[in-house]
Amino acid sequence: MTDANTNFLDSDTVPLSLHGPAPDRVVVGYGFWLFLLSDILIFASLFAAYAVLSGETAGGPNGAMLFDKKHVFVETACLLTSSFTCGLGALAVRQFRITGVYVWMIVTLFLGLTFLTLEITEFDSMIVAGNGPSRSAFLSAFFALVGTHGIHVAAGLFWLIIMVLQIMTLGLTPMVRRRLFCLGLFWHALDIVWVGVITIVYLGAH
Amino acid sequence: MDNHSEAQGLPPGTNEESGASLRSYLIGFGIAIVLTLASFWVSSTNTIYAPGVPILLGVLAIAQMGIHLVFFLHISSAPDQTNNFLALAFGVFITALIVFGSMIIMADLNHQMMPMDKLMDMQR
């Protein structure tokens, strides 16, 4: 590639429409971004349901009685750090540092599994105590919202394991790198949803 | 890097993930930690005037989401990001419409509805 070409394409005097077809990663990124936004609309509906129903406890326990902030803090720390390590993994992919890719992906996997284990423990203790999703409208909305997020995290971890296997078998081909890029977007988007969950469900409990 | 992008048939001059660097991830992670700690502190302290707590939590959450978008998802107003940015704006608009619309409508219905005990009396 020559510098003249780079300057031509990067120059502001040439309109974007004359740059020719967008590279695959831009197109793939845009498509996946649209998927993520539609996924966030699912969460918006569940958040709306929770906001409307959070006071309808039907004589059962409310959020302030059920939620343990320390527990939630550890969960948040795991997910936030996993988002960071996922980003470091993306950097390693970009620089073709294969050991770095494996290390950061496995750290991300470990943190994600810890998060999921903590969440399942929390759900289990609530259900055992008789506060399952059928107890009240508030708890139905709670399990629907937080459970959907948990399912997304589980799907993300499953995808992460598949990507590790694909790197082992296929190497960092352009296709695998685009998939890793999408996985990174998915993981960061889940962290954004979790910020909404802790603020509205756990910290906003009264 | 150059021979890789040519092997993919990408147009020359197409840099990967402009804006993603160790620096941006470190800054994003640092600010996110501070905002998370602030949220947990705000929710458990008595220092802050109680009716202001939900507003403060909301502000911290929106800031946190913005930090994630900019430093982790690398959304920017760069020319090749215009489509992503517009899609995000539309997503935020619809999300706000669903959440706040539901809350306003349900609160209004709640307000207009006859109290449950009177409704029970009428049905007798």
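Note on numbering: residues in each chain are counted from 1, in written sequence order. Here the convention is simple: chains get letters from A, ligands get numbers from 1, in the order in which they are written. Side-chain atom pairs in this predicted model are given and counted only at pLDDT of 80 or more, local residue features only at pLDDT of at least 70, and totals for whole chains, interfaces and linings cover all residues.

*Asks:* Can you help me understand the overall build of chain B in this one?
*Replies:* Every helix listed is a DSSP run of H or I at least four residues long, and every strand listed is a run of E at least two residues long, numbered separately from the N terminus. Scanning chain B from terminus to terminus reveals 5 helices and 0 strands. From first element to last, N terminus to C terminus, chain B shows the α and β order α-α-α-α-α. Here exposure depends only on C-beta density: within 10 Å of a residue's C-beta, 20 or more other C-beta atoms make it buried, 12 or fewer make it exposed, and intermediate numbers make it partly exposed, the C-beta atoms being placed from the backbone. When each of the 124 residues of chain B is scored for burial, the buried share is 18%. Residues are treated as contacting if the C-beta atoms built from their backbones sit within 7 Å of each other. Put simply, of all contacts in chain B between residues at least 6 apart along the chain, 50% involve residues at least 24 apart.

*Asks:* In this structure, what is going on with the domain arrangement of chain B? I would like to understand it.
*Replies:* Domain extents, as shown, originate in an automatic or database domain assignment. Each assigned domain of chain B is listed here: domain 1 (20-74) and domain 2 (88-124). Here the C-alpha centroids of domain 1 of chain B and domain 2 of chain B sit 30 Å apart.

*Asks:* What am I meant to see in the interface of chain B and chain A here?
*Replies:* When the parts of a complex come together, some accessible area is lost, and that lost area is often taken as the interface size. Contacts between the two partners involve 42 residues from chain B, matched on the other side by 43 residues from chain A. Within the residue set of the side of chain B that touches chain A, elements represented by two or more residues are helix 2 (22-44), helix 3 (53-72) and helix 4 (82-112) of chain B. When residues of the side of chain B that touches chain A are assigned to their parent elements, the largest contribution, 12 residues, is made by helix 4 of chain B.

*Asks:* I would appreciate a short explanation of the packing of helix 2 (residues 24-53) of chain A against helix 4 of chain B in the present structure.
*Replies:* Packed helices, taken two at a time, are described by their axes: the angle between them and the distance between them. Between helix 2 of chain A and helix 4 of chain B, the least distance of the axes is 9 Å, while the angle of their chain directions is 10°. By the angle between their axes, helix 2 of chain A is roughly parallel relative to helix 4 of chain B. Relative to helix 4 of chain B, helix 2 of chain A is oriented so that their crossing is right-handed. Only B:Asn83, B:Asn84, B:Ala87, B:Leu88, B:Gly91, B:Ile94, B:Thr95, B:Ile98, B:Val99, B:Ser102, B:Met103 and B:Met106 of helix 4 of chain B make contact with helix 2 of chain A, whose side of the interface consists of A:Tyr30, A:Trp33, A:Leu34, A:Leu37, A:Ile40, A:Leu41, A:Ala44, A:Ser45, A:Phe47, A:Ala48, A:Ala51 and A:Val52. Its residues assigned to classes, the contact of helix 2 of chain A with helix 4 of chain B comprises 18 nonpolar, 6 polar and no charged. Throughout, an axis means a line fitted to C-alpha atoms (over the contacting stretch in the case of helices), and angles, computed between N-to-C directions, take values from 0 to 180 degrees. To sort the angles, those under 35 degrees are grouped as roughly parallel, those over 145 as roughly antiparallel, those from 65 to 115 as roughly perpendicular, and the leftovers as oblique. Should the near helix be turned anticlockwise from the far one by less than a right angle, the crossing is left-handed, and should it be turned clockwise, the crossing is right-handed. Put simply, Ala, Val, Leu, Ile, Met, Phe, Trp, Tyr, Cys and Pro go in the nonpolar bin, Asp, Glu, Lys and Arg in the charged bin, and everything else, Gly too, in the polar bin.

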